[in-house]
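Descriptive structure summary
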Amino acid sequence: MAVSGVGTYNYVNTEAAAKEQSMLGKDEFLKLLVTQLQYQDAMNPMDDKEFISQMAQFSSLEQIQNLSTVMAGGMTTLVESQQETSDIMLNAMGLMMEYMSLSAFNQSLALLGQEITFEQDGEQQTAIVTGLKRVDGSYVVVAGEHEVPLSAISLIKQV
């Protein structure tokens, strides 16, 4: 089976295209000024003040377009640098979290075999640390029948 008449569809933002076509750029402005000078009445030439005014408008238009280009480039650079900074900060935060987790693990490891005093359910308890456990991303020590967070330990005694 042969397929014929295959075409392509080009999306054009008509509002943006119409706005772009209606804007007078520096090249069009210069062409208009040159054409105006070419076809002016030789017996009644353009007034000096009017010509200077049009040249000043042309210069202003060119400077505004250049400024717009520079601003767009600056904004792009700013956005890119903010993204890079954000990526660096996220990496640094990840490393800090990993370091904190390792530090808590090392602290918990040093408690193995030690007698600790801790508060649980409103009363002071004492037990020997027999193990470590990770609960919800944090390390707790196993002391007797209890899982004790490091922050709940009030006293450590060597056995």
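Read on for a plain summary of the structure. (Residues numbered from 1 in each chain as written. Predicted model: local features only at pLDDT ≥ 70, side-chain atom pairs only at ≥ 80, totals over all residues. Heavy atoms only, no water.)

1. Side note on the overall build of the chain
Counted only if it meets this: Starting at the N terminus, helices and strands are each numbered in turn, a helix being any DSSP run of H or I of at least four residues and a strand any DSSP run of E of at least two. Only protein chains enter the calculation, and the probe is 1.4 Å; a residue is then buried if its accessible area is under 20% of its type maximum, exposed if over 50%, and partly exposed in between. Only heavy atoms enter the contact rule, under which two residues are in contact if any of them lie within 4.5 Å. To be clear on the numbers: accessible area is Shrake-Rupley with a 1.4 Å probe, and residue cover counts the displayed protein chains and nothing else.
The helix and strand inventory of the chain stands at three helices and five strands. Relative to its 159 residues, the chain shows a buried fraction of 15%. For the chain, the share of sequence-separated contacts (at least 6 apart) that also reach a separation of at least 24 residues comes to 48%. As displayed, the chain has an accessible area near 12,900 Å², and 57% of this comes from carbon and sulfur atoms.

2. Regarding unusual backbone geometry
The residue D121 is not glycine, and still its phi comes out positive at about 55°. In this structure, D121 sits in the loop between strand 1 (115-120) and strand 2 (123-135). Residue classification places D121 among the exposed positions, given a relative accessible area of 75%.

3. A closer look at the side chain of Q120
Heads up, the condition is: Counted as a polar contact is a pair of N or O atoms within 3.5 Å, where, for protein atoms, one must be capable of donating a hydrogen and the other of accepting one, and residues adjacent in sequence contribute only when both atoms are in side chains.
For Q120, the position within the fold is in strand 1. Within the structure, the side chain of Q120 is placed 3.5 Å from the backbone oxygen of E147, a separation counted as a polar contact.

4. Quick word on the nonpolar core
The cut-off we apply is this: In this text, buried Ala, Val, Leu, Ile, Met, Phe, Trp, Tyr and Cys residues form a nonpolar core when linked through side-chain atoms within 4.5 Å.
Counting nine residues, the largest nonpolar core consists of L111, I116, F118, A127, V129, V141, A143, V148 and I153. Secondary structure elements with two or more residues in this core: strand 1, strand 2 and strand 3 (138-143). The residues touching I153, leaving out its near neighbours within four places in the chain, are L111, I116, T117, F118, V141 and V148.

5. As for the pairing of strand 1
Spelled out, the test is: Pairing between two strands requires that DSSP report at least two bridges joining them.
In terms of strand pairing, strand 1 meets strand 2 through six bridges, oriented antiparallel. Bridge pairing links Q120 to E123 in strand 2. Where strand 1 folds back on strand 2, the antiparallel hairpin that results is connected by two residues, among which D121 adopts a positive phi of roughly 55°. Pairing analysis gives four bridges linking strand 1 to strand 5 (residues 153-157), with the strands arranged antiparallel. Paired with F118 across the bridge in strand 5 is I153.

6. Side note on the pattern of salt bridges
What counts is decided by this rule: One side-chain nitrogen of Lys or Arg within 4 Å of one carboxyl oxygen of Asp or Glu is enough to make a salt bridge.
One pass over the structure, following the stated rule, counts one salt bridge. Of the charged contacts in the structure, one is a salt bridge between K133 and E147, with a shortest N-O distance of 2.6 Å. Residue K133 is found in strand 2, and its partner E147 is found in strand 4 (residues 146-149); the two are separated by 14 residues along the sequence. Take K133: its relative accessible area is 37%, and that puts it in the partly exposed class.

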